[in-house]
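# Residue-level structure breakdown
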Amino acid sequence: MNAIQGNGSAIQNLANLLNTEVNTVQNGIFTLNNAITSVGSQVGMSGLQIQNAIQSGNAAIASQICQCCCENRLAIANQTNTLQQ
């Protein structure tokens, strides 16, 4: 297993946050990468395509949550204004 290059400090920070060893975090990352690659091969997509699809889905979910919060805030403001009149 090769060490993950270029992200040593981020991996060390993550290991510190999780109160574990760097090797444990790296093994977890490798396992996750292998799982993503496996799913990708099952659906005919590359690992990068799977990651992009996940990120796109996350962005869509975040956008919907923001929209819902804004709509609720507006509804509450309107209701408050109506009650104050």
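Summary of the structure given here.

Its place among the elements puts Gln49 in helix H3 (residues 47–84). Since its relative accessible area comes to 41%, Gln49 is described here as partly exposed. When the C-alpha positions of Gln49 and Ala77 are compared, they lie 42 Å apart, and in sequence the two are 28 residues distant. Here the side chain of Gln49 touches Ser46 through a polar contact of 2.7 Å, landing on its backbone nitrogen.

Where helix H1 (residues 8–18) meets helix H2 (residues 22–43), the axes come as close as 8 Å, and the angle between the chain directions of the two elements is 105°. Relative to H2, the element H1 lies roughly perpendicular. Contacts between H1 and H2 involve Ile11, Gln12, Leu14, Ala15 and Leu18 on the former and, on the latter, Val22, Val25, Gln26 and Ile29. Residues that form the contact of H1 with H2 fall into these classes: seven nonpolar, two polar and no charged.

What counts as what
- Residues numbered from 1 in each chain as written.
- Predicted model: local features only at pLDDT ≥ 70, side-chain atom pairs only at ≥ 80, totals over all residues.
- Heavy atoms only, no water.
- Helix = DSSP H or I, 4+ residues; strand = E, 2+ residues; numbered from the N terminus.
- Buried < 20%, exposed > 50% of the residue type's maximum accessible area, 1.4 Å probe, protein only.
- Polar contact = N/O pair within 3.5 Å; in protein donor to acceptor, adjacent residues only side chain to side chain.
- Axes fitted to C-alpha atoms, helices over the stretch in contact; angles between N-to-C directions.
- Parallel < 35°, antiparallel > 145°, perpendicular 65-115°, else oblique.
- Contact = heavy atoms within 4.5 Å.
- Nonpolar A, V, L, I, M, F, W, Y, C, P; charged D, E, K, R; others polar.

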